[in-house]
Amino acid sequence: PTHTHVYMFTGTAERDAMYMNARILSMSGVSIPLEGLPGEYGGVPLRFPPLVMLLPSFGTGLTDINSRIGSEADVVVSARSALLLEGEVEIEGLLHLDGALEIRAVSGARVVVKRLNVQNDGWTVRKSSEKEEAEDEMVRMRGYKIVKEETRVFVFDTPGEFTIDE
């Protein structure tokens, strides 16, 4: 019926955006799977890739993203990972992610990742409950909910040069 049609567009559009971001990272030399475990959300079968959100301030296409990932960078993102990058973030060294990571830099802040290994409980995609769907229209349209169990967060909220080296 009509509701499944709405779910299909909402859930698949978000999944497709994450797939596109994962694909761009892959084309930039990042080791990242493009398919995740299968699930059914709102009656629609979906396979989520890693949950990759590249905000426009990080880059809007392959050329921008390529300029943010150094040629010598060693970047590995697991299938169950979530990654959010915002602002002038450059990855020059090692970044291994198995969980969830957010790096946010305001305009005027430049962040260079030299070495970062993140392993945590991350985020999970799960079928939404009837109660959650009744309380939140977006959850109802998606048929799923992203549950943020644990996230490593770096926020650079003042202009300047910063390095992540752990």
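Please read all numbers here as calculations on a predicted model, not as lab measurements.

About the cut-offs
In every chain, residue numbers begin from 1 and rise along the written sequence. Only residues with pLDDT of 70 or above have their local features reported here, since the model is predicted, and side-chain atom pairs are shown and tallied only from 80 upward, although totals for entire chains, interfaces and linings are computed over all residues. Computation of side-chain values: all heavy atoms of the structure, hydrogens and water removed. Strands are runs of DSSP state E lasting at least two residues, helices are runs of H or I lasting at least four, and both sets are numbered from the N terminus onward. C-alpha atoms define the radius of gyration, and 2.2 Å times the number of residues to the power 0.38 defines the globule rule. Accessible area is worked out with a 1.4 Å probe on protein chains only. A residue is then buried under 20% of its type maximum, exposed over 50%, and partly exposed in between. The contact criterion used throughout is that any non-hydrogen atoms of two residues lie within 4.5 Å. Residue exposure ignores everything except the shown protein chains as possible cover, and the areas themselves are Shrake-Rupley values with a 1.4 Å probe. The charge count includes Lys and Arg as positive and Asp and Glu as negative, but it does not include His or the ends of the chains. Charge placement uses NZ in Lys and CZ in Arg. For Asp and Glu, CG and CD serve respectively. Two strands qualify as a pair provided DSSP detects at least 2 bridges between them. Axis lines are fitted to C-alpha atoms, over the contacting stretch for helices. Their N-to-C directions set the angle, which ranges from 0 to 180 degrees. The term polar contact refers here to a pair of N or O atoms within 3.5 Å; inside protein, the definition further demands a hydrogen-donor-capable atom paired with an acceptor-capable atom, and it admits residues adjacent in sequence only when both atoms are side-chain atoms.

Q: Please clarify how the overall build of the protein should be interpreted in this entry.
A: When helices and strands are tallied, the protein shows 4 helices and 12 strands. A globule of 166 residues ought to have a C-alpha radius of gyration of about 15 Å, and the protein, at 17 Å, matches this closely. Its C-alpha atoms give the protein principal-axis dimensions of roughly 50 × 30 × 25 Å. Relative to its 166 residues, the protein shows a buried fraction of 44%. Summarising the internal contacts of the protein: among those between residues at least 6 apart in sequence, 53% fall at separations of at least 24. Taken as a whole, the protein presents about 8600 Å² of accessible surface, with 52% of it coming from carbon and sulfur. Charge separation in the protein, taken as the distance between the mean sites of 17 positive and 26 negative side-chain charges, equals 3 Å.

Q: Got a minute to help me understand the sheet that holds strand β3 (residues 51-54) in this structure?
A: Two modes of strand pairing occur in sheets, parallel and antiparallel, and in both the strands are linked by backbone hydrogen bonds. Taken in spatial order, the 4 strands line up as β3-β5-β7-β11 in an open sheet, and their pairing is parallel. Each edge of the sheet is formed by a strand with only one pairing partner; in this case those strands are β3 and β11 (152-156). With strand direction ignored, the average angle separating the axes of adjacent strands in the sheet is 5°. Bridge count for β3 against strand β5 (residues 82-86) is 4 bridges, and the pairing is parallel.

Q: Please explain the sheet that holds strand β4 (residues 74-77) as it appears in this structure.
A: One open sheet accounts for 4 strands, arranged β4-β6-β8-β12; its pairing is parallel. For this open sheet the edge positions go to β4 and β12 (160-165), each flanked by a neighbour on one side alone. Neighbour-to-neighbour, the strand axes of the sheet open up by a mean angle of 25°, direction not taken into account. Sheet analysis places β4 next to strand β6 (residues 88-98), joined by 4 bridges and oriented parallel. Paired with Asp74 across the two strands is Leu94, which belongs to β6.

Q: In this structure, what is going on with the side chain of Ser78? I would like to understand it.
A: Turning to its location among the elements, Ser78 is positioned in the loop between β4 and β5. On the basis of relative accessibility, which here comes to 18%, the residue Ser78 falls in the buried class. Among the polar contacts made by the side chain of Ser78, one reaches the side chain of Ser81 at a distance of 2.8 Å. Of the polar contacts made by the side chain of Ser78, one reaches the side chain of Asp98; its length is 2.7 Å. Dropping the residues within four chain positions of it, Ser78 is found in contact with Pro33, Pro50, Leu97, Asp98 and Gly99.

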